[in-house]
Amino acid sequence: MALVTPTLHTARLRLRPFDDADADALFAVHSSVSVLRYWDAPPWTDPARAQRFIAACRQMAAEGTGARLAVDRLSDGAFIGWCGLTRWNPDYRSAALGYCYREAAWGHGYATETAGGVLRWAFDNLDLNRVQAETDTRNVASARVLEKLGFVREGTLREDCVVNGEVSDSWVFGLLRREWRPSSSRTAAGTAVGSGQ
């Protein structure tokens, strides 16, 4: 069953389905060594990866397994990154949260604001009971974002990522429907969390 990718608005941001015109800005985000420092895949080197990512977003929506949203700043229309839910399982009523933002957007609370909007939509429309997120244990900024959203750190995946020969651990966070407080999603610094495609 297809999942319609919504268009959402927060106080400062518009979240919308990806468009082919986003490819260059998306590649700029995912080819940045500093942005992808704690990602579970190396930075992109081939611009065609952006088009494949956008195609994968559409396929995910068509298959009904998730929704990834491009994030634009309302004040100037600038693309600042993306946020989404993947691995949506209606039987288990679960999904995984992920996001990635360009470096200039860090430290303004956009990650918390965006994820709060996505979580509100998901809990209201997808009958979710649980949302999971993972982040590199060195990525303290993303851990703070998740905690501000109400996620609880549930454990550590030891040496679960190897990127360019560098081994790292990940924290697993979970948020249950009964713990979700929409008003808790205000401001926090954000970098990248989730899985690359």
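Before reading further, recall that the structure is shown in the block above.
Residues numbered from 1 in each chain as written. Predicted model: local features only at pLDDT ≥ 70, side-chain atom pairs only at ≥ 80, totals over all residues. Heavy atoms only, no water.

Participant: Explanation requested: the packing of aromatic side chains in the structure shown.
Facilitator: The final tally for this structure, using the stated rule, is 8 aromatic pairs. Summarising the aromatic geometry, the rings of F18 and F79 are spaced 6.2 Å apart at their centres and angled 55° between planes, so their arrangement reads as tilted. On the criterion of sequence distance, the pair formed by F18 in the loop between strand 2 (13–16) and helix 1 (23–30) and F79 in strand 4 (residues 79–89) is long-range, its members being 61 residues apart. Summarising the burial analysis for this pair, F18 and F79 share the class buried. Their ring planes at 55° and their centres at 5.9 Å tell us that W44 and F53 sit as a pair that is tilted. For the pair W44 and F53, one class covers both residues: buried. Three or more aromatic residues link up through ring pairs in this structure, and these residues are F18, W39, W44, F53, F79 and W82. We note R68 situated over the ring of W82; from NZ or CZ to the ring centre the distance is 5.2 Å. (Phe/Tyr/Trp six-rings, centres within 6.5 Å; stacked < 30°, edge-to-face > 60°. Helix = DSSP H or I, 4+ residues; strand = E, 2+ residues; numbered from the N terminus. Buried < 20%, exposed > 50% of the residue type's maximum accessible area, 1.4 Å probe, protein only. Lys NZ or Arg CZ within 6 Å of the ring centre and 35° of its normal.)

Participant: Whenever I open this one, unusual backbone geometry confuses me. Can you help?
Facilitator: Only a minority of non-glycine residues have a phi that is not negative, and only a minority of peptide bonds are not trans. The backbone of E159 sits at a positive phi, close to 50°, despite the residue not being glycine. Here E159 lies in strand 7 (residues 152–163). On the basis of relative accessibility, which here comes to 58%, the residue E159 falls in the exposed class. For N164, which is not a glycine, the phi torsion comes out positive at approximately 50°. Looking at where N164 falls in the secondary structure, it is placed in the loop between strand 7 and strand 8 (166–176). The exposure class of N164 is exposed, given its relative accessible area of 67%.

Participant: Would you mind showing me how to read the packing of helix 1 against helix 2 (residues 48–63) here?
Facilitator: A packed helix pair is summarised by two numbers, namely the angle formed by the two axes and the spacing between the axes. Axis separation between helix 1 and helix 2 bottoms out at 8 Å; the angle between their running directions is 105°. The angle between the axes of helix 1 and helix 2 places the two elements in the roughly perpendicular class. Of the residues in helix 2, those in contact with A23, L26 and F27 of helix 1 are A50, Q51, F53 and I54. Across the contact of helix 1 with helix 2, the residue classes break down as 6 nonpolar, 1 polar and no charged. (Axes fitted to C-alpha atoms, helices over the stretch in contact; angles between N-to-C directions. Parallel < 35°, antiparallel > 145°, perpendicular 65-115°, else oblique. Contact = heavy atoms within 4.5 Å. Nonpolar A, V, L, I, M, F, W, Y, C, P; charged D, E, K, R; others polar.)

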